[in-house]
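Structural characterization, general
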Amino acid sequence: GRVLVRGALRYLPFVSLPVTAAWNGIVTFMVLREARIRAIGPSAAGELMELLFTQTPVLSAEGRLSAVRAVACAIVRTQDLHPNLVRLLTVVGERAGQAIGGAELDDVGQFLEGLKALGPAEQQLSLRILAVACVLDGRLSAREKQLWGEATAAAGKPANLAELESLRAAFVRGDGVSDSLLRAF
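Residues numbered from 1 in each chain as written. Predicted model: local features only at pLDDT ≥ 70, side-chain atom pairs only at ≥ 80, totals over all residues. Heavy atoms only, no water.

Bringing the pattern of salt bridges into the picture now. Summed over all chains, the structure comprises eight salt bridges. A salt bridge links Glu 113 to Lys 116; the nearest nitrogen and oxygen atoms lie 3.2 Å apart. You can see Glu 113 and its partner Lys 116 sitting in helix H4 (residues 108–117), three residues apart, about one turn around the helix. Since its relative accessible area comes to 48%, Glu 113 is described here as partly exposed. In this structure, Arg 168 engages Glu 165 in a salt bridge whose closest nitrogen and oxygen atoms are separated by 2.5 Å. Of this pair, Arg 168 and Glu 165 both sit in helix H7 (residues 161–173), separated by three residues, roughly a single helical turn. Residue classification places Glu 165 among the partly exposed residues on the basis of a relative accessible area of 30%. Several salt bridges share partner residues, and in doing so they unite Glu 34, Arg 38, Asp 80, Asp 137 and Arg 139 into one network. (Salt bridge = Lys/Arg side-chain N within 4 Å of Asp/Glu carboxyl O. Helix = DSSP H or I, 4+ residues; strand = E, 2+ residues; numbered from the N terminus. Buried < 20%, exposed > 50% of the residue type's maximum accessible area, 1.4 Å probe, protein only.)

Structure (structure tokens):
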């Protein structure tokens with residue numbers, strides 16, 4: 001028994017080296033991926049909101065409030081205040097202007113009820129903003145998928161998670177999020 005232990009201990013450095021190298025490679029990949037997401041996220045938030053808000057230039061107070069609630073509810077569901085989501089909330093809040101007032105922004109129930117009452121163009125804008133908010137941190141959690149399903153159901157639309165996942169994948173790869181990807185929502 002002692003001979004086997006001594007023999008195994010001789011080969012431990014040779015085994016630990018590849019394991020350590022693999023672990024370092026995984027950690028480096030994850031850190032660089034997050035750094036890239038955080039680097040492109042703020043500018044992507046600004047550009048995407050410019051694109052979306054110019055497609056629906058005139059919004060009611062309820063439509064602007066719903067847009068802000070879409071981002072706030074996504075933040076609440078992720079339970080993570082990612083810097084990209086903070087920037088998105090700032091950009092959408094600037095676009096909403098005085099519409100938000102003292103309204104409670106992070107109540108999912110109010111967001112879903114408000115979504116039902118909006119017209120088609122404002123519903124579409126809120127859903128597109130929600131889609132961007134769900135993917136702007138590079139992850140798509142189960143809670144975000146659930147929020148997406150609830151929001152699309154409230155708007156009377158099918159919840160196509162494959163389109164949401166392709167939007168996330170395009171953003172993470174750095175391919176850019178095209179107008180056609182956003183129009184899918």
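This part covers empty space enclosed by the protein. All chains considered together, the criterion is met by one cavity of 30 Å³ or more. Taken as a whole, the largest cavity spans an internal volume of roughly 30 Å³. What lines the largest cavity is simply Leu 52, Gln 55, Thr 56, Ala 121, Gln 124, Leu 125 and Arg 128. Counting residues per element, the lining of the largest cavity draws most heavily on helix H5 (residues 120–135), which supplies four residues. Taken together, the residues that form the lining of the largest cavity break down as three nonpolar, three polar and one charged. (1 Å grid on protein atoms, 1.4 Å probe; cavity = no way out; pocket = protein on both sides within 12 Å on 5 of 7 lines; lining within 4 Å. Points joined across faces, edges and corners; volume = space filled by probe spheres on them. Nonpolar A, V, L, I, M, F, W, Y, C, P; charged D, E, K, R; others polar.)

What follows is about a nonpolar patch on the surface. Together, Trp 23, Ile 26, Val 27, Phe 29, Met 30 and Val 31 make up an exposed nonpolar region whose accessible area comes to about 650 Å². Mapped onto the elements of the fold, Met 30 is located in helix H1 (residues 2–55). (Patch = residues over 30% accessible without salt bridge, like charges linked within 9 Å, V, L, I, M, F, W, Y side chains within 5 Å. Areas by Shrake-Rupley, 256 points an atom, 1.4 Å probe, with all protein chains shown as cover.)

Structurally, Asp 137 is set in the loop between H5 and helix H6 (142–154). A polar contact of 3.1 Å, which involves the side chain of Asp 137, links it to the backbone nitrogen of Arg 139. Once residues lying within four places of it in the same chain are set aside, the contact partners of Asp 137 are Glu 34, Ile 37, Thr 78, His 82, Leu 85 and Glu 144. (Polar contact = N/O pair within 3.5 Å; in protein donor to acceptor, adjacent residues only side chain to side chain. Contact = heavy atoms within 4.5 Å.)

Right, let's talk about the environment of Phe 53 for a bit. Residue position: Phe 53 is located in helix H1. Phe 53 gets classed as buried once you look at its relative accessible area, which sits at 7%. Between the alpha carbons of Phe 53 and Val 92 there is a distance of 9.1 Å; along the sequence they are 39 residues apart. Those residues in contact with Phe 53 that sit more than four places away from it in its chain are Leu 59, Ala 67, Val 92, Arg 95, Leu 125 and Ile 129.

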